[in-house]
Amino acid sequence: MRLFKKSAPEANRLEATIGSGDSGQALEAKSLSIFYGEFEAVKRLSIGFERKKVTALIGPSGCGKSTALRAFNRMNELIRGVRTEGEVSFRGVNVYDPDVDAVQVRRWIGMVFQKPNPFSKSIYENIAWGARINGYQGGFDELVENSLKQVALWDEVKDKLKESAYALSGGQQQRLCIARAVALKPEILLMDEPTSALDPISTAKIESLLDDLKKRYTIIIVTHNMQQAGRVSDKTGFMLLGELVEYSDTKELFFNPKDPRTENYISGRFG
Amino acid sequence: MKPVQTARYPEEARGALSFGKRFRPHEAVILALLFFCAAVSILTTLGIIVVLGAESSALFKEVSLWEFVSGTSWQPTIGEFGILPLVNATLMTSLAAMLVALPLGLGVAIYLAEYASERVRETLKPILEVLAGVPTVVHGYFALTVVTPALRGLFGQESIEVYNTLSAGLVMGILILPLISSMCEDALSAVPRSLREAAYAMGATKLETSVTIIVPAAFSGIAAAFILGLSRAVGETMIVALAAGAGPNLTLNPLKAAETMTGHIVRISGGDISYDSMDYRSLFAIALVLFLATLALNMVSRSIVKKYREVYE
Amino acid sequence: MSGREDFAVNLASRHARGDRWRLMFMLSTLLAIVFLGALILTIVDDAFGYVVMVDEVDQRSLVPDDERLESLDAEALRAVIDERLSPRRYRAIERERPFDERTAADLYDIVLYEIVKPRVAETYTLFESLFARRSIVEETTLAHPDGELVFRSWVNMRFLSTSQTARPLTTGVLTAVKGSILTISITILFSFPVGIAAAIWLEEYAGDNRLNRFIQVNIYNLAGVPSIIYGMLGLAIFVRGLERFTSGSAFGASTSGEVANGRTILSAGLTLAILILPVIIINAQEAIRAIPGSLRQSSLAVGATKWQTIWHQVLPASFDRILTGAVLAVSRAIGETAPLVVVGASTFLTQDPTGVFSKFTTLPIQIYQWTSRPQAEFRHISAAAIVVLLALMLSLNAFAIFTRNRLRRQKRFG
Ligand SMILES: Nc1ncnc2c1ncn2[C@@H]1O[C@H](COP(=O)(O)OP(=O)(O)OP(=O)(O)O)[C@@H](O)[C@H]1O
Ligand SMILES: [Mg+2]
């Protein structure tokens, strides 16, 4: 795996040390601050995400969950006037290092958005496209089939792969978007409220998917729905006004919160 | 004792409120006037159809329709009314125009929509729009005094005539370039942000996002721009009247002079022409062909635009 | 991870391709700007520059040794005229206006253009004049030893204030400017009220039925019809069909002794009005649509009728945008050439237009005619006329922006 813009000798050295990273954290933010102009939306966030676990980020609207999530794969750079400080360490490399190529970071850290956003292409092409631009060497039919099976969409669409992705229902579109992300065999999947635009049945389907997906991927999911966080996640972080207030095992956080603010939030007193 | 208060509203004076529908004569007149003004557009269309239809059918009494659409020689003095040379020249100039405006316009649009900083975009867009308002007779001047001499210097004086369809077509491309780039830019900018983010989130470069995601997603808008540009090129008159040549000529050589449909209409009607002559009528027949062609192009363009609006709204 | 080897590392080539295309897109933008800039620059280039003037009659032979032609007084000029002007021209000019009533400046012009007869022997563009001055001077002394090299602005006061004449040195754009202004006034007079009324009907009253939908689609289609077709329509309807009215004969107007036919300013103005009507309607509709429904509701809620609401609330609130859209359309009409050629613009006018029943020429027509002449002087005066045309369009737009801003200010404080 190459994250670097050019194969500088130092970069190789860094890459060589990555091997040992497998036992540690999949992704780690170290005192990460994100500014929109003058406004500090995320304040000195430090958090580690464990390999092949589902981690949920919860918190009231506007507390900076999405901003933090988008910082992990450098998506915030696409917004004008955003400034990021601190480190995000992925496989032992700081993704904000000037030598690191954002394109490559995003390729290994996939993302699923709040609203389904399939490309205006066929179902097949939606999945094959990302693989093709990233130089996939294997068979595309097989890849499409595998990816769709991973999100339990194969049976529903196998007869209309050539049709436009817009012909699918909202829930199907969202699963297609997940399939599209996993087709790249990423290490980490970032999900920003992936079910908030969906009906309860589609939501349930995606939640049950997460259990399967975490066998292969490290998943970080932002959600407004505390039941959902409780159901799907192994660990949960609670954010408030740009700060990480509490971070622990999901059961611990919900049943035994340490911080009074966390307790207030999960008992529905604000937010 | 009655309260000392004068009635100030008509209803008070009458002493009773009535909620019945009231007839307001002057509002009815106004309404009729407004409707009439809107109906002027229908009268215009009717006028165009009747005028062009009547005069051309008078021509078709003398010249068969088949002769008109398939004849390869347009020489009114000896009674030959084959429109092909004129249509051919129109197609040649329009093709040259599209060959300039299409790639360049799309390139400008992609640059403005995807690459340029906000400041550059905010400066360049209005400039392009203002330049789109330059009268076409100025373009004609440009073609004749700059582009033709430049082409003649390039190809040699002997191989390229003073009037030629290439020069007219190239300048016509410059004419419709702002229209095409502006419409394409609108279409590209209308592609939702989420699609761009989706592409970037999969590790696409800017080029891959623009060319393989955004451009296809905006395809219908871009196609509509091209078709509208083509319709403008077909109907454009002054450039070809000045630079393409006077005299119908059935040739595929863009370095030779050839008169287009519009060019012919202007040249003949600009001279002394007697009403009710075959010459006069033949102009209306040409105009009818022009009208139908541009109408069809515009309708296709509009229906495409409507379709792509529906996708994202 | 297992899947990783399935992907080829191709980042460098992808980025290289990205950079290449980025350059291509930038270049096309640059090229577009260069092309469009060249359009404007050519005009400027041709509107100014050196000319070599050669007099047919040596000026020094007309005046005493110690004087110059420019400094002669009226009496001396009269003497030169009496002596040198051919009797035929003398009578013709006298008939136009008696010599006794003419000013010194007038007489000077006559001496210059009727007797001295300067001729343009050579012209240079502005860039040549700026960057190749020396070789121009050398060339001139060689080729035209008796010629005089002067820097000429083809756009000059004389050009702006003189009517059309046959010779490029003495002609001016006044006839064409008057024609353009009169024509455009007719266009405005007709198209503004009708266009705005139609927009009000379509936005405020029209129900969603077949007829109104048809009107709307029809307007969009009309906006795309080539302008020359409108010329044909104008020729058939205004010039021929309504000749009695457009020539003014129905109103007893005599078109200054010339044969009355429909090829008048009125026909031209009406043709352009029909031409820009669809654009005006579409722009006005957009302006009216931008007015929030709450404004209408609050007016209706105080008991105003629908028309009162439109007249007193909706129209004033949207008028600035209606005006901007309409002026854009009018500046398109000012530059229109083809439909007016078809409607029958005159190739040469001996008299400036005096009213709506006059024969007409307009600036773009004038440019078209001058451009089609092969001589270099005509090229320069058409460039000068283009400068005037663009200035006219620009000032119209400036006026519209100024008025709009004033209306906006009134709206804010009024
Ligand atoms: N593009 C932007 N420009 C300026 N400020 C922004 C921008 N996007 C977000 N913010 C601000 O940053 C803060 C955090 O926003 P963010 O979208 O991360 O919140 P969130 O926790 O995801 O909220 P929600 O649950 O509503 O999605 C908010 O106060 C918001 O106003
Ligand atoms: Mg969010």
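Bear in mind the structure is a predicted one, so any value in this text is a computation, not a measurement.

Rules behind the numbers
Counting from 1, residues in each chain are numbered in the order their sequence is written. Written order decides the labels, with chains lettered from A and ligands numbered from 1. With pLDDT at 70 or above as the cut-off, local features in this predicted model cover only qualifying residues; side-chain atom pairs require 80 or more to be listed or tallied, and sums for whole chains, interfaces and linings still use all residues. Hydrogen atoms and water are omitted, and side-chain values are computed over all heavy atoms in the structure. Strands here are runs of E lasting at least two residues and helices are runs of H or I lasting at least four, both read from the DSSP assignment and numbered beginning at the N terminus. Atoms counted for the radius of gyration: C-alpha only. Globule rule: 2.2 Å times residue count to the power 0.38. Exposure categories follow from relative accessible area, calculated using a 1.4 Å probe and restricted to protein chains: below 20% of the type maximum is buried, above 50% is exposed, and the middle band is partly exposed. Note on contacts: a residue pair is in contact if any heavy atoms of the two residues lie within 4.5 Å. When two parts are put together, the accessible area they lose, computed with a 1.4 Å probe and summed over both, is reported as buried area. Salt bridges are defined by distance alone: a side-chain nitrogen of Lys or Arg within 4 Å of a carboxyl oxygen of Asp or Glu. Any N or O atom pair separated by 3.5 Å or less is treated as a polar contact, with the protein-specific requirement of one donor-capable and one acceptor-capable atom, and with residues adjacent in sequence counted only for side-chain atom pairs. Under the grouping applied here, Gly and all other residues not named as nonpolar or charged are polar, the nonpolar ones being Ala, Val, Leu, Ile, Met, Phe, Trp, Tyr, Cys and Pro and the charged ones Asp, Glu, Lys and Arg. Whether two strands pair comes down to DSSP finding at least two bridges between them. Note on geometry: axes are lines fitted to C-alpha atoms, helical ones only across the stretch in contact, with angles between N-to-C directions running from 0 to 180 degrees. Residues are classed as near a molecule or strand on a simple rule: at least one heavy atom within 4 Å of it. Only the protein chains shown count as cover for residues, and the accessible areas themselves come from Shrake-Rupley with a 1.4 Å probe. Roughly parallel means an angle under 35 degrees; roughly antiparallel means over 145; roughly perpendicular covers 65 to 115; every other angle is labelled oblique. Each crossing is labelled by how the near helix is turned from the far one, with a counterclockwise turn of less than a right angle marking it left-handed and a clockwise turn marking it right-handed. Without a salt bridge and with relative accessible area above 30%, a residue can belong to a patch; like charges are then joined within 9 Å and nonpolar side chains (Val, Leu, Ile, Met, Phe, Trp, Tyr) within 5 Å. By the counting scheme adopted, Arg and Lys are positive, Glu and Asp are negative, and His together with the chain ends is not counted. To locate a charge, the coordinates of NZ of Lys, CZ of Arg, CG of Asp or CD of Glu are taken. Note that the domain bounds were set by an automatic or database domain assignment.

Draft legend 1. Representation of the overall build of chain C within the structure. Each helix and strand in chain C was counted, giving 17 helices and three strands. For chain C, the C-alpha radius of gyration of 29 Å lies well beyond 22 Å, the compact-globule estimate for 414 residues. Taking the principal axes of the C-alpha coordinates as reference, chain C spans close to 95 × 80 × 45 Å. Out of the 414 residues in chain C, the part that is buried amounts to 49%. In chain C, once contacts between residues fewer than 6 apart in sequence are set aside, the share between residues at least 24 apart is 75%.

Draft legend 2. Broad picture of the interface of chain B and chain C. Counting residues at the interface gives 72 residues for chain B and 73 residues for chain C. In this assembly, chain B packs against chain C so that about 6,500 Å² is buried in total across both faces, 78% of it on carbon and sulfur atoms. Across the chain B-chain C interface, the total number found is three salt bridges. The shortest N-O distance in the salt bridge between Arg240 of chain C and Glu55 of chain B comes to 3.9 Å. Joining chain B to chain C, the criterion identifies ten residue pairs in polar contact (both at pLDDT 80 or more). Of all the elements, helix α2 (residues 25-60) of chain B adds the most residues to the side of chain B that touches chain C, at 17 residues. Among the residues making up the side of chain B that touches chain C, the classes are represented as 48 nonpolar, 18 polar and six charged.

Draft legend 3. Looking closely at the sheet that holds strand β10 (residues 243-249) of chain A. All names here are of chain A. Across the sheet, which stays open at both edges, the six strands sit in the order β6-β7-β8-β3-β9-β10 with mixed pairing between neighbours. Each of the sheet's edge strands pairs with one partner strand only, and the pair in question is β6 (109-112) and β10. This sheet shows a mean twist of 20 degrees between the axes of neighbouring strands, independent of strand direction. Bridge count between strand β3 (residues 54-58) and strand β8 (residues 218-222): four bridges; the pairing is parallel. Of the residues in β8, the one forming a bridge with Leu57 is Val222. On top of the sheet, helix α2 (residues 65-72) reaches β3, β6, β7 (188-192), β8 and β9 (235-240); it is set at about 155 degrees to β7, its chief contact. Along the sheet, helix α7 (residues 170-182) contacts β6 and β7; its crossing angle with β6, the most-contacted strand, is approximately 175 degrees.

Draft legend 4. A look at the site of ligand 1. Residue and element names in this part refer to chain A. Close to ligand 1 lie 13 residues, the nearest being Ser61, Gly62, Ser66, Thr67 and His224. A distance of 2.8 Å is found between an oxygen atom of ligand 1 and a backbone nitrogen or oxygen belonging to Gly62. At 2.7 Å from an oxygen atom of ligand 1 is found a side-chain nitrogen or oxygen belonging to His224. Look at ligand 1: alone it shows 630 Å² of surface, and the protein chains cover 63% of it. A per-element tally of the shell around ligand 1 places α2 first, with three residues. Split into classes, the residues belonging to the shell around ligand 1 amount to five nonpolar, six polar and two charged.

Draft legend 5. Molecular detail of the sheet that holds strand β5 (residues 93-94) of chain A. All names here are of chain A. Read from one edge of the open sheet, four strands run β2-β1-β4-β5, paired in antiparallel fashion. The sheet terminates laterally at β2 (39-50) and β5, the two strands that pair on one side only. Bridge count for strand β4 (residues 82-90) against β5 is two bridges, and the pairing is antiparallel. Looking at the pairing, Ser89 lines up with Asn94 of β5. The sheet contacts of α2 involve β1 (25-36), β2 and β4, and relative to β1 the element is tilted by about 120 degrees.

Draft legend 6. Region of interest: the packing of α7 of chain A against helix α8 (residues 200-213) of chain A. All names here are of chain A. For the pair α7 and α8, interaxial distance at closest approach is 9 Å and the crossing angle is 20 degrees. Here α8 runs roughly parallel to α7, going by the angle between their axes. Our pair here, α7 against α8, has a crossing hand that is right-handed. Listed contacts from α8 to Gly171, Gln174, Arg175, Ile178 and Val182 of α7 are Ser202, Lys205, Ile206, Leu209 and Leu213. Split by residue class, the contact of α7 with α8 holds five nonpolar, three polar and two charged.

Draft legend 7. Inspection of a negative patch on the surface at higher detail. On the surface, Asp65, Asp66, Glu67, Asp73 and Glu75 of chain C cluster together into a patch of negative charge. Relative to the helices and strands, Asp73 of chain C resides in the loop between β1 (48-55) and α2 (74-84).

Draft legend 8. Quick look at the domain arrangement of chain C. Residues and elements named next belong to chain C. Once the domains are mapped, chain C shows domain 1 (44-68 + 118-153) and domain 2 (174-413). If you look at the interface, domain 1 gives six residues, while domain 2 gives seven residues. Each partner contributes to the roughly 530 Å² buried at the junction of domain 1 and domain 2, and carbon and sulfur atoms together form 60% of this total. Its largest share of buried area at the contact with domain 2, domain 1 owes to Asp46, Ala47 and Thr123, together 72% of the area lost on that side. At the junction of domain 1 and domain 2, the tally comes to one salt bridge. As a salt-bridge pair, Asp46 and Arg379 come within 3.5 Å of each other at their nearest N and O atoms. Counting every contact that joins domain 1 to domain 2 gives three residue pairs in polar contact (both at pLDDT 80 or more). Sorting the residues of the side of domain 1 that touches domain 2 by element identifies α1 (11-47) and β2 (118-123) as the ones contributing at least two each. When its residues are assigned to classes, the side of domain 1 that touches domain 2 shows three nonpolar, two polar and one charged.

Draft legend 9. Seen up close, the interface of chain A and chain B. With 25 residues of chain A at the interface, the matching set in chain B holds 22 residues. For chain A, the biggest contributors to the area lost against chain B are Arg80, Phe119 and Trp129 of chain A; these three give 26% of the whole. Secondary-structure elements contributing two or more residues to the side of chain A that touches chain B are α3 (102-108), β6 and α4 (123-133) of chain A. Tallied by class, the residues present in the side of chain A that touches chain B amount to 13 nonpolar, six polar and six charged.

Draft legend 10. Structural detail: the packing of helix α4 (residues 84-115) of chain B against helix α7 (residues 165-189) of chain B. Their axes nearest at 6 Å, the elements α4 of chain B and α7 of chain B cross at an angle of 35 degrees. Viewed along their axes, α4 of chain B and α7 of chain B form a crossing whose handedness is right-handed.

Draft legend 11. Inspection of the environment of Thr371 of chain C at higher detail. Looking at the secondary structure, you find Thr371 of chain C in helix α16 (residues 363-371). When its relative accessible area of 5% is taken as the criterion, Thr371 of chain C is described as buried. Taking the C-alpha atoms as reference points, Thr371 of chain C and Ile381 of chain C, separated by ten residues in sequence, lie 8.6 Å from one another. For Thr371 of chain C, the contacting residues outside a window of four places in its chain are Tyr141, Leu144 and Leu242 of chain B together with Ser382 of chain C. Separated by 2.6 Å, the side chain of Thr371 of chain C and the backbone oxygen of Ile367 of chain C make a polar contact.

Draft legend 12. Structural context of the pattern of salt bridges. Applying the stated criterion across every chain yields a total of 42 salt bridges over all chains. The shortest N-O distance in the salt bridge between Lys235 of chain A and Glu50 of chain A comes to 3.5 Å. With Lys235 of chain A in strand β9 and Glu50 of chain A in strand β2, this pair connects stretches of sequence that are 185 residues apart. The buried category is assigned to Lys235 of chain A, whose relative accessible area is 14%. What makes Glu50 of chain A partly exposed here is its relative accessible area of 28%. Taking the shortest distance from any N to any O, the salt bridge between Asp211 of chain A and Lys214 of chain A comes out at 4.0 Å. What emerges from the salt-bridge pattern is a single network uniting Glu55, Asp276 and Arg281 of chain B together with Arg240 of chain C.

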